[in-house]
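# A structural walkthrough
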Amino acid sequence: MSGRDVMLDRIRAALGGAAAPAAEIPRGYRRGDRPVDLDLFVRRLEDYKAVVHRGVSIAETVAGLAPAPLIVPPGIDPAWLPGSVEVLTDDGLSADTLAVAGGVLTAAAVAVAETGTIVLDGSPDQGRRIISLLPDLHICVVRADQVVASVPQAIARLDPRRPLTWISGPSATSDIELNRVEGVHGPRRLHVIVTEG
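From a predicted model like this one, the values you see are computed outputs, not experimental measurements.

### Looking at the sheet that holds strand 8 (residues 147-148)
The mixed open sheet is built from four strands, whose spatial order is 8-5-6-9. The open sheet has two edge strands with one neighbour each: strand 8 and strand 9 (165-167). Across three bridges, strand 5 (residues 110-112) lies against strand 6 (residues 117-120) in antiparallel orientation. Within strand 6, the residue paired with Ala111 across the bridge is Ile118. Contacting strand 5, strand 6 and strand 8, helix 2 (residues 38-47) crosses the sheet at an angle of about 90 degrees to strand 6.

Right, here's the structure in full:
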């Protein structure tokens, strides 16, 4: 008997053996194929203070943005890497090394146009969650075919057993006086390169 079963048996006993039937949960989410508005995705990202690059060379854009060293996950596309920037592949780099890095370059698993959210799932081209949290700059490449219209569509594409990181703009919070404070629990700067080819 699992710990869960023991706990549920104790709850049933405390309730006198008759548990109330579970409430019906409505599942009328908007599903199905809806047209993706890439311009809406870009506007939402910009609303969150992310910088969006469209119709650009990935390697040239990265070269212009990334101070050295640039952290990359082991499965990143080598064509994205400029020869002019020092690159460190994350093969278990220490938190101290990651914290002083100039930035990180990752791919994405899926993105949501409606909310301007990017989701990373720890795949080889996205790496460990920590690499997208410690460096001050995160450069993320999102293919247009990865953008879906709504959150339910994004969830349908994701494996819930993977470590999911949902990103809606650079890290930001408000202090007690409601002043915006950036970079408290993630990168202060987010650059998104949207590829449409």
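After that view of the structure, there is still more to cover.
### Side note on the pattern of salt bridges
Scanning the model with the defined rule gives nine salt bridges in all. One salt bridge in this structure joins Asp9 and Arg12, with 3.1 Å as the shortest N-O distance. Taken together, the residues span about one helical turn, with Asp9 and Arg12 both in helix 1 (residues 3-14) at a distance of three residues. Note on Arg12: relative accessible area 37%, which makes it partly exposed. Across the pair Asp90 and Arg128 runs a salt bridge whose closest N-O atoms are separated by 2.8 Å. Taken together, the positions of Asp90 in the loop between strand 3 (87-89) and helix 4 (95-99) and Arg128 in the loop between strand 6 and strand 7 (137-143) put the pair 38 residues apart, joining distant regions of the chain. Through salt bridges with shared partners, one network takes in Asp39, Arg54 and Glu196.

Definitions and cut-offs
- Residues numbered from 1 in each chain as written.
- Predicted model: local features only at pLDDT ≥ 70, side-chain atom pairs only at ≥ 80, totals over all residues.
- Heavy atoms only, no water.
- Pairing = 2+ DSSP bridges.
- Helix = DSSP H or I, 4+ residues; strand = E, 2+ residues; numbered from the N terminus.
- Contact = heavy atoms within 4.5 Å.
- Axes fitted to C-alpha atoms, helices over the stretch in contact; angles between N-to-C directions.
- Salt bridge = Lys/Arg side-chain N within 4 Å of Asp/Glu carboxyl O.
- Buried < 20%, exposed > 50% of the residue type's maximum accessible area, 1.4 Å probe, protein only.

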